[in-house]
Amino acid sequence: MSNVIDMLNDKQKEAALHTEGPLLILAGAGSGKTRVITNRIAYMIDECGVNPWNILAITFTNKAAGEMRSRVDDMVGFGADSIWVATFHSTCVRILRRYIDKIGYDTNFTIYDTDDTKAVMKGICKRLKVDTKQMPERAFLSAISHAKDEMITPSDYALDAAGSYGAEQVAKVYAEYEKELKKSNALDFDDLLLKTVELFKAWPDILDSYQERFRYIMVDEYQDTNTVQFEFVKLLAAKYRNICVVGDDDQSIYKFRGANIRNILDFEKVYPDAMVVKLEQNYRSTQNILDAANAVIGNNKGRKDKALWTDKGEGGLIHFRQCDSAYDEAEYVADSIAANKRDGKYDYRDCAILYRTNAQARLLEEKLIFEGIPYDVVGGVNFYARREIKDILAYLKTIDNARDDIAVKRIINVPRRGIGATTINKVQDYANANDISFYDALKKADEIPSIGRSSDKLKPFVNMIQVFRSKLPHITLEELVNDILETTAYIENLEADDKEDEESRIENIEEFINKVVAYEEEQEDEPTLSGFLEEVALVADIDNVNTDSNKVLLMTLHSAKGLEFPHVYLTGLEEGLFPSYMNIVSDDPSELEEERRLCYVGITRAMDELTITSARQRMVRGETQYNAPSRFVKEIPSALFDLKVPGNRIRLSDGNVPVKAKPYAMPAHERNAKARPYIASASKAMAAPSILTGKDIGSSGSLDYGEGDTVRHIKFGEGVVLKIEKGTRDYEVTVDFKGYGVKKMFAGFAKLKKI
DNA sequence: CACAGGTCTCTTTTT
DNA sequence: GAGACCTGTG
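Calculation criteria
Along each chain, residue indices are assigned from 1 in the same order as the chain's sequence is written. Labels follow written order: the first chain is A, the first ligand is 1, and so on. This being a predicted model, a pLDDT of at least 70 is required before a residue's local features are given, and a value of 80 or more before pairs of side-chain atoms are given or counted; all residues contribute to the totals for chains, interfaces and linings. Hydrogens and water molecules were not included; the side-chain quantities draw on all heavy atoms of the structure. Only rings of Phe, Tyr and Trp enter the pairing, Trp through its six-membered ring, and a pair is recorded when the two centres are within 6.5 Å. The plane angle decides the type: under 30 degrees is stacked, over 60 is edge-to-face, the rest tilted. Exposure categories follow from relative accessible area, calculated using a 1.4 Å probe and restricted to protein chains: below 20% of the type maximum is buried, above 50% is exposed, and the middle band is partly exposed. Here, a charge over a ring means that NZ of Lys or CZ of Arg falls within 6 Å of the ring centre while also lying within 35 degrees of the ring normal. Whether a residue is near a molecule or strand is decided by its heavy atoms; if any one of them lies within 4 Å of it, the residue is near. In the analysis that follows, any N or O atom pair within 3.5 Å is treated as a polar contact, provided that within protein one partner can donate a hydrogen and the other can accept it, and provided that, for residues neighboring in sequence, both atoms belong to side chains. Residues are grouped as follows: nonpolar covers Ala, Val, Leu, Ile, Met, Phe, Trp, Tyr, Cys and Pro; charged covers Asp, Glu, Lys and Arg; every other residue, Gly included, is treated as polar. Secondary structure elements are taken from DSSP: a helix is a run of H or I of four residues or more, a strand is a run of E of two residues or more, and numbering for both begins at the N terminus. For the purposes of this section, nonpolar cores are sets of buried Ala, Val, Leu, Ile, Met, Phe, Trp, Tyr and Cys residues that join through side-chain atoms within 4.5 Å. In this description, contact between two residues means that some pair of their heavy atoms is separated by no more than 4.5 Å. A pair of sulfur atoms, both from cysteines and within 2.5 Å, is called a disulfide here. Here a strand pair is declared whenever DSSP counts at least two bridges between the two strands. To get an axis, fit a line to the C-alpha atoms, keeping to the stretch in contact for a helix; angles then go from 0 to 180 degrees between the N-to-C directions. Salt bridges are identified by distance alone: a Lys or Arg side-chain nitrogen within 4 Å of an Asp or Glu carboxyl oxygen. What makes a patch is a set of residues exposed beyond 30% relative accessible area and free of salt bridges, joined within 9 Å when like-charged and within 5 Å when nonpolar (Val, Leu, Ile, Met, Phe, Trp, Tyr). Throughout, the Shrake-Rupley method with a 1.4 Å probe supplies accessible areas, and for residues the shown protein chains are the sole cover considered. Note that His is not counted, nor are the chain ends; the positive residues are Lys and Arg, and the negative ones are Asp and Glu. Where a charge sits is defined by one atom per residue type, namely NZ (Lys), CZ (Arg), CG (Asp) or CD (Glu). The score called pLDDT rates the predictor's confidence residue by residue, from a low of 0 to a high of 100. Each angle gets one of four labels, with under 35 degrees taken as roughly parallel, over 145 as roughly antiparallel, 65 to 115 as roughly perpendicular, and the rest as oblique. For any helix crossing, the convention is left-handed if the near helix is rotated counterclockwise from the far helix by under a right angle, and right-handed if that rotation is clockwise.

K.L.:
Talk me through the packing of aromatic side chains; I want residue IDs and the actual numbers.
P.N.:
In this description, a pair of aromatic rings is defined by centroid distance and the angle of the planes. Inspection of the entire model under this criterion finds 16 aromatic pairs. Measuring from centroid to centroid gives 6.4 Å for Tyr222 and Phe230, while their planes differ by 70 degrees, and the two rings are edge-to-face. The same class applies to Tyr222 and to Phe230, which are both buried. Grouping aromatic residues by their ring pairs yields a cluster made of Trp84, Phe88, Tyr99, Phe200, Tyr210, Phe214 and Phe232. Between the NZ or CZ atom of Arg97 and the centre of the ring of Phe109, over which it lies, the distance is 4.0 Å. Across from the ring centre of Tyr105, 5.0 Å away, lies the NZ or CZ of Lys182, which sits over that ring.

This is how it looks when you write it as structure tokens:
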């Protein structure tokens with residue numbers, strides 16, 4: 001037997017050797033899923049004579065796709081690059097770029113992101129005079145998105161809606177929205193799947209050609225697929241039935257985005273002859289961490305029964321700490337990371353801080369800066385969603401596809417050209433009346449009677465775009481972007497405009513140009529403007545994570561799926577935040593189960609050490625909230641917690657009932673944290689070494705004072721160091737303070753300064 | 001038409 | 001607490 005198979009355990013082997021017919025791999029967290037998939041592909045190519053060209057592997061992110069390709073590449077002699085590895089969305093885009101003209105679109109369609117669709121919806125609601133106080137734009141968008149996920153057309157929707165005022169409204173708006181996108185030759189994210197399925201159904205010979213091409217299909221993260229995605233896969237696999245799906249129902253966390261957990265739970269119903277393999281041996285985490293994860297997820301009903309185990313050993317206990325405030329929480333985490341680094345226990349890159357909502361990142365960032373800890377935040381505001389980047393992209397989109405009304409309107413007065421809302425409305429009215437695009441109406445500005453002298457302002461804009469367009473075939477994308485920036489004096493206008501963010505915006509633009517250059521360099525075929533825009537439209541935040549640099553990573557639990565870290569900090573475990581308030585009050589109990597799965601995902605990211613934190617008090621949307629620790633914490637058996645962690649006042653009995661804490665003496669470091677006004681630490685943050693210099697202050701590995709030295713403490717003032725002991729996680733320093741007496745404290749927290 | 005300054009609302013999670 | 005939105009003024 002080949003060595004690619006020998007590397008696997010028995011269960012994994014079973015999965016890898018089953019290359020023909022439907023296969024469901026239930027892969028628990030950390031069970032070596034990627035290894036099975038890659039080895040299975042290698043086995044098919046090397047041992048079964050499968051042509052790599054006939055293999056399609058669909059992953060969740062571009063990052064995962066890239067990793068899979070390079071791992072297969074390392075294993076097989078040649079041919080790995082002809083395997084089609086891509087995300088659902090990019091796979092569909094590639095198909096549609098070729099054939100979408102068959103269903104009435106131009107092959108140079110643009111892809112509308114969330115902002116763009118919002119802009120479209122705003123216009124529609126205004127036009128249809130919808131009361132957006134009653135029914136906000138995003139409600140329509142989410143209804144439409146769900147309809148598309150379920151393959152419900154506007155006319156289907158209208159039929160079902162009869163009788164219900166709200167649904168009728170949605171149906172009307174939905175129909176209008178479709179018309180608008182079509183007119184703009186634009187597709188939204190959901191359309192990419194939907195139109196591909198439509199194409200396949202309308203043109204059986206096209207479907208057939210793809211069925212012939214993709215004789216072996218693999219889908220990763222199958223638990224997160226929605227109905228259209230499943231339909232897409234089902235159609236492709238209908239002929240050869242070599243479909244292998246890999247997933248874990250316990251990690252299904254995208255219901256809000258339409259993911260249908262039934263896809264994985266009912267796979268065997270759709271494919272009765274499917275072979276099912278369960279991978280339960282975990283190669284990532286210690287047994288304690290797995291026990292915690294199993295205990296939490298065990299509270300969910302209607303899941304496929306499984307339990308992770310490992311031969312890695314028990315490992316250390318899980319830390320839990322309830323802090324007084326979110327500030328304290330952030331400080332605790334930052335201090336812990338600094339201490340770990342100093343002790344040589346974990347490097348920055350070994351640590352990840354996870355949270356439920358993006359907003360939580362801010363405080364954490366401040367404390368990390370204060371401690372001089374280098375970090376990267378994944379997500380938040382997507383790079384390509386930033387104003388300056390969207391502006392440049394809008395120029396590029398306008399040049400590429402002038403039917404993209406949203407793009408044209410975005411830049412028509414950016415930088416300012418004295419073209420205001422009144423003029424824009426008149427042009428739009430004219431466009432509507434003549435059933436032409438906004439840009440085409442601009443070209444005919446002379447013929448719009450009501451517009452008057454404003455047409456003098458419109459002409460130069462149209463000319464400029466036409467000039468860019470005529471240059472396009474002769475220059476590189478980088479040159480084009482620079483040309484746009486120069487012609488419009490974009491940066492100069494930026495400087496005049498907002499002084500505050502100017503610097504970071506210019507940096508972003510530079511970064512954008514780097515990405516343009518990178519695209520042109522790595523592109524094997526002719527790099528094109530459309531190709532670049534397409535790539536940009538489909539990148540996820542996680543795709544840009546640079547794992548080479550030695551930095552702490554901050555991200556949401558959703559972004560963390562599929563990743564692993566030696567030390568994971570799970571923050572904000574509070575009722576109302578995680579699980580979120582929305583899901584606690586929801587009458588649909590499955591919402592809470594989804595939160596629990598999210599918690600399960602978080603716990604199982606940890607390899608060696610897991611720290612869970614919560615705050616008693618936290619600012620949420622400008623309002624202070626007081627929250628109890630999350631129910632999920634209470635679902636973890638208390639025996640798994642390290643109760644000796646300073647500051648942990650929660651005692652959990654094995655009956656999962658919190659026991660009233662005994663009077664608690666606040667450790668010195670925590671009192672300081674409280675006594676110190678937050679502003680003070682913010683100003684000190686500036687004095688801390690910049691992360692940009694690459695100097696990490698926490699890395700000395702030893703203290704800069706010794707026994708007998710006089711030191712200063714932020715609250716207790718001057719004192720003499722009596723003793724320094726090396727503890728398990730930090731140095732314990734005993735100091736005799738003038739006026740405060742002898743105190744024992746952790747060096748990592750106390751931040752004593754030698755004087 | 002642009003801009004300053006006030007008010008209002010709130011996505012949890014994202015391809 | 002921030003961003004989107006509205007309104008009055010120049």
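K.L.:
I'd love a proper account of the protein's contact with DNA strand C, names of residues and values included.
P.N.:
Taken together, Lys122, Arg362, Arg621 and Gly622 make up all the residues around DNA strand C. Sugar plus phosphate: this is where 50% of the atoms of DNA strand C within 4 Å of the protein reside. Residue Arg621 places a main-chain N or O atom 3.1 Å away from a base oxygen belonging to DNA strand C. Taken together, the residues that form the surface near DNA strand C break down as no nonpolar, one polar and three charged.

K.L.:
Please set out the environment of Ile206 residue by residue, giving values where relevant.
P.N.:
Relative to the helices and strands, Ile206 resides in helix 11 (residues 204-213). Its relative accessible area of 5% is what places Ile206 among the buried residues. Taking C-alpha positions, Ile206 is 9.7 Å from Ile95, a pair spaced 111 residues apart along the chain.

K.L.:
Which residues make up the protein's contact with DNA strand B, and what values do they have?
P.N.:
Residues in contact with DNA strand B amount to 28 residues; listed here are only the nearest, Arg138, Arg356, Arg416, Thr422 and Thr423. Near the protein, within 4 Å, the atoms of DNA strand B are sugar or phosphate in 62% of cases. Contact distances for DNA strand B include 2.7 Å between a phosphate oxygen and a side-chain N or O atom of Thr423. Only helix 20 (421-434), helix 27 (557-560) and helix 28 (581-585) provide two or more residues apiece to the surface near DNA strand B. Here the surface near DNA strand B takes three residues from helix 20, the largest share from any one element. Tallied by class, residues from the surface near DNA strand B come to eight nonpolar, 13 polar and seven charged.

K.L.:
Account for the nonpolar core, with residues named and values stated.
P.N.:
Most often, soluble globular proteins keep nonpolar side chains buried together rather than apart. With 51 residues, the main nonpolar core has Leu393, Leu396, Leu442, Phe512 and Phe532 as its most contacted residues. Here this core takes seven residues from helix 18 (residues 387-400), the largest share from any one element. Other than its neighbours up to four places away in sequence, Phe532 contacts Leu393, Leu396, Leu477, Phe512, Lys515, Val516 and Tyr519.

K.L.:
Before we move on, can you summarise the side chain of Asp116 with the specific residues and values?
P.N.:
With respect to the helices, strands and loops of the structure, Asp116 is situated in helix 6 (residues 114-127). Look past the residues within four positions of Asp116 in its chain and what remains in contact with it is Ile111, Lys390, Lys397 and Ile406.

K.L.:
An account of the state of the cysteines is needed here, citing residue identities and associated values.
P.N.:
Within this structure, the stated rule accounts for zero disulfides. Cys351 takes part in no disulfide bond, and the closest cysteine sulfur, belonging to Cys323, lies 16 Å away.

K.L.:
Any details on the sheet that holds strand 6 (residues 216-219)? Residues and values, ideally.
P.N.:
By way of backbone hydrogen bonds, the strands of a sheet pair with one another, either parallel or antiparallel. Reading across the sheet, the six strands line up as 3-2-6-7-1-8 and stay open at both edges, with parallel pairing between neighbours. The strands lining the two open edges of the sheet, one partner per strand, are strand 3 (84-87) and strand 8 (275-279). Strand-to-strand twist in this sheet, taken as the mean axis angle between neighbours without regard to direction, amounts to 15 degrees. The pairing of strand 6 with strand 7 (residues 243-247) spans three bridges and is parallel.

K.L.:
Tell me about the pattern of salt bridges, residues and numbers included.
P.N.:
Under the counting rule described, the total for this entry stands at 53 salt bridges. Between Lys397 and Asp116 there is a salt bridge whose closest N-O contact spans 3.3 Å. Residue Lys397 is found in helix 18, and its partner Asp116 is found in helix 6; the two are separated by 281 residues along the sequence. You'll find Lys397 and Asp116 in the same group, each marked buried. With a closest N to O distance of 2.9 Å, Lys148 and Glu178 form a salt bridge. Highlighted residues: Lys148 in helix 7 (residues 137-149) and Glu178 in helix 9 (residues 165-183), separated in sequence by 30 residues. Note on accessibility: Lys148 and Glu178 belong to one class, buried.

K.L.:
Residues and numbers for unusual backbone geometry, please.
P.N.:
Geometrically, the link from Phe578 to Pro579 is a cis peptide bond, its omega value of 5 degrees lying close to zero. Here Pro579 lies in the loop between strand 13 (565-570) and helix 28. Within the chain, Asp435 stands out as a residue other than glycine whose phi angle is a positive 55 degrees. Mapped onto the fold, Asp435 is located in the loop between helix 20 and helix 21 (438-443). With relative accessibility at 59%, the residue Asp435 sits in the exposed group. One non-glycine residue, Ala489, adopts positive backbone phi at about 50 degrees. Its place among the elements puts Ala489 in the loop between helix 23 (477-488) and helix 24 (490-497).

K.L.:
Tell me what's going on with the environment of Thr114, and back it up with residues and numbers.
P.N.:
In this fold, Thr114 is placed in helix 6. Residues Thr114 and Phe189, spaced 75 residues apart in sequence, show a C-alpha to C-alpha distance of 8.5 Å.

K.L.:
Give a description of a negative patch on the surface that names residues and reports values.
P.N.:
Judged by side-chain charge, Asp73, Asp74, Asp81, Glu524, Asp525 and Glu526 come together as a negatively charged surface patch. On the secondary structure map, Asp81 appears in the loop between helix 4 (62-75) and strand 3. When its relative accessible area of 64% is taken as the criterion, Asp81 is described as exposed.

K.L.:
Now, about a nonpolar patch on the surface: what can you tell me, with residues and values included?
P.N.:
On the surface, Tyr581, Met582, Ile584 and Val585 cluster together into a nonpolar patch covering about 420 Å² of accessible area. Take Tyr581: it is sitting in helix 28.

K.L.:
So what about a positive patch on the surface? Which residues, and what values?
P.N.:
On the surface, a cluster of positive charge is made up of Lys118, Lys122, Lys126, Arg138 and Lys409. In terms of residues, the positive patch owes the most to one element, helix 6, which gives three residues. Within the secondary structure, Lys118 is located in helix 6. Lys118 sits in the partly exposed class, given a relative accessible area of 49%.

K.L.:
Describe in detail the confidence of the model for chain A, supporting the description with residues and values.
P.N.:
In this model, chain A carries an average pLDDT of 83, and 88% of its residues clear a pLDDT of 70 or more. At the low end of the mean pLDDT range in chain A sits helix 32 (residues 678-687), at 28; at the high end sits helix 11, at 97. For the stretch residues 645-701, pLDDT sits under 50, and the model shows 105 contacts to residues farther than four places along the chain or on other chains.

K.L.:
An account of the packing of helix 16 (residues 326-342) against helix 17 (residues 361-371) is needed here, citing residue identities and associated values.
P.N.:
Between helix 16 and helix 17, the least distance of the axes is 9 Å, while the angle of their chain directions is 45 degrees. Of the possible angle classes, the one that applies to helix 16 and helix 17 is oblique. Considering how the two elements wind past one another, helix 16 and helix 17 form a crossing that is right-handed. Here Ala326, Tyr327, Ala330, Glu331, Ala334, Asp335, Ile337 and Ala338 of helix 16 come into contact with helix 17, specifically with Leu363, Leu364, Lys367, Leu368 and Glu371.

K.L.:
Please provide a residue-by-residue account of the packing of helix 25 (residues 502-522) against helix 26 (residues 529-537), values included.
P.N.:
Interaxial distance between helix 25 and helix 26 falls to 11 Å at its minimum, and their mutual angle equals 120 degrees. Regarding helix 25 and helix 26, the two cross each other, and that crossing is right-handed. Where helix 25 abuts helix 26, its residues Phe512, Lys515, Val516, Tyr519 and Glu522 lie against Gly531, Phe532 and Glu535. Looking at the contact of helix 25 with helix 26 residue by residue, the class counts come to four nonpolar, one polar and three charged.

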